[in-house]
Amino acid sequence: MGNIKFVKEDKEVVAADGANLRLKAMQNGIDIYTLFGKMTNCGGYGQCGTCIVEITEGIDNLSPRTDVENRKLKKKPANYRLACQTLVNGPVSVVTKP
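Values in this document were obtained by computation on a predicted structure and should not be read as measured data.

Cut-off values and rules
- Residues numbered from 1 in each chain as written.
- Predicted model: local features only at pLDDT ≥ 70, side-chain atom pairs only at ≥ 80, totals over all residues.
- Heavy atoms only, no water.
- pLDDT = per-residue confidence, 0-100.
- Helix = DSSP H or I, 4+ residues; strand = E, 2+ residues; numbered from the N terminus.
- Pairing = 2+ DSSP bridges.
- Axes fitted to C-alpha atoms, helices over the stretch in contact; angles between N-to-C directions.
- Salt bridge = Lys/Arg side-chain N within 4 Å of Asp/Glu carboxyl O.
- Buried < 20%, exposed > 50% of the residue type's maximum accessible area, 1.4 Å probe, protein only.
- Core = buried A, V, L, I, M, F, W, Y, C linked by side-chain atoms within 4.5 Å.
- Patch = residues over 30% accessible without salt bridge, like charges linked within 9 Å, V, L, I, M, F, W, Y side chains within 5 Å.
- Areas by Shrake-Rupley, 256 points an atom, 1.4 Å probe, with all protein chains shown as cover.
- Polar contact = N/O pair within 3.5 Å; in protein donor to acceptor, adjacent residues only side chain to side chain.
- Contact = heavy atoms within 4.5 Å.

1. Concerning the confidence of the model for the protein chain
Part 1 of the reasoning: Of all residues in the protein chain, 100% have pLDDT values of 70 or greater, and the mean over the chain is 94.
Part 2 of the reasoning: Within the protein chain, no element has a lower average pLDDT than helix 2 (residues 35-40), which sits at 82, and none a higher one than strand 5 (residues 80-82), at 98.

The following block contains the structure:
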């Protein structure tokens with residue numbers, strides 16, 4: 001079990017190991033999309049790149065970046081992830097809409 005702390009929202013949610021970061025955010029009322037992202041998101045398939053989050057703590061408790069993330073985030077810092085492609089395996093701190 002790992003807690004996900006959403007920094008901007010000052011909210012912490014409990015997640016089972018292997019939980020999808022995007023789904024846990026949505027289930028708990030955390031808005032991870034900008035206005036553009038709300039209109040163009042792909043529904044969690046990693047195709048649009050609009051669910052970018054910044055991991056400020058616990059990056060080692062996440063699944064490795066996928067090939068899709070490596071392509072979409074090649075010009076972003078290493079601690080940026082696509083929430084839809086990220087599985088949580090321990091406590092992390094997340095900044096939405098970095």
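Here the narrative resumes.
2. Regarding the sheet that holds strand 5
Strand pairing within a sheet occurs via backbone hydrogen bonds; the two strands may be parallel or antiparallel.
Part 1 of the reasoning: Reading across from one edge, 2-1-7-4-5 is the order of the 5 strands in this open sheet, with mixed pairing throughout. Of all the strands in the sheet, the pair left with one neighbour each is strand 2 (11-15) and strand 5. Across the sheet, the axes of successive neighbouring strands diverge by a mean angle of 35°, strand direction being ignored.
Part 2 of the reasoning: Across 3 bridges, the pairing between strand 1 (residues 2-6) and strand 7 (residues 92-96) is parallel. Its bridge partner lying in strand 7, Phe6 is registered against Val94.

3. Here we look at the pattern of salt bridges
Part 1 of the reasoning: Under the definition given, this model contains 4 salt bridges.
Part 2 of the reasoning: A salt bridge links Lys38 to Asp31; its shortest N-O distance comes to 2.9 Å.
Part 3 of the reasoning: Of the residues examined, Asp31 reaches a relative accessible area of 30% and is grouped as partly exposed.
Part 4 of the reasoning: Here the salt bridges do not stand alone but share partners, grouping Asp31, Lys38 and Lys97 into one network.

4. Quick look at the nonpolar core
Part 1 of the reasoning: If you look at the biggest cluster of nonpolar residues, it comprises 24 residues, and the most contacted ones within it are Ile4, Phe6, Leu21, Ile32, Cys51, Leu82 and Val94.
Part 2 of the reasoning: Looking at this core, the elements that each hand over two or more residues are strand 1, strand 2, helix 1 (21-27), strand 4 (52-57), strand 5 and strand 7.

5. Details of the pairing of strand 1
Part 1 of the reasoning: In strand 1, alternate side chains face the same way, and those of Gly2, Ile4 and Phe6 are buried while those of Asn3 and Lys5 on the opposite face are not.
Part 2 of the reasoning: The antiparallel pairing of strand 1 with strand 2 creates a hairpin that spans 4 residues between the two strands, and Asp10 there sits at a positive phi of about 50°.

6. Considerations on a nonpolar patch on the surface
Part 1 of the reasoning: Taken together, the side chains of Leu35, Phe36 and Met39 make up a nonpolar region of the molecular surface, amounting to roughly 400 Å² of accessible area.
Part 2 of the reasoning: Residue placement: Met39 occurs in helix 2.

7. Some details on the side chain of Arg81
Part 1 of the reasoning: Turning to its location among the elements, Arg81 is positioned in strand 5.
Part 2 of the reasoning: Polar contacts involving the side chain of Arg81 include one to the side chain of Glu69, which spans 2.7 Å.
Part 3 of the reasoning: Apart from residues no more than four positions distant in its own chain, Arg81 is found in contact with Cys51, Ile52, Val53, Ile55, Leu62, Ser63, Pro64, Arg65, Glu69, Leu73 and Thr86.

8. Some remarks on the pairing of strand 2
Part 1 of the reasoning: Taken together, the 5 bridges between strand 1 and strand 2 define a ladder with antiparallel strand orientation. Following the sheet pairing, Asn3 is matched in strand 2 by Val14.

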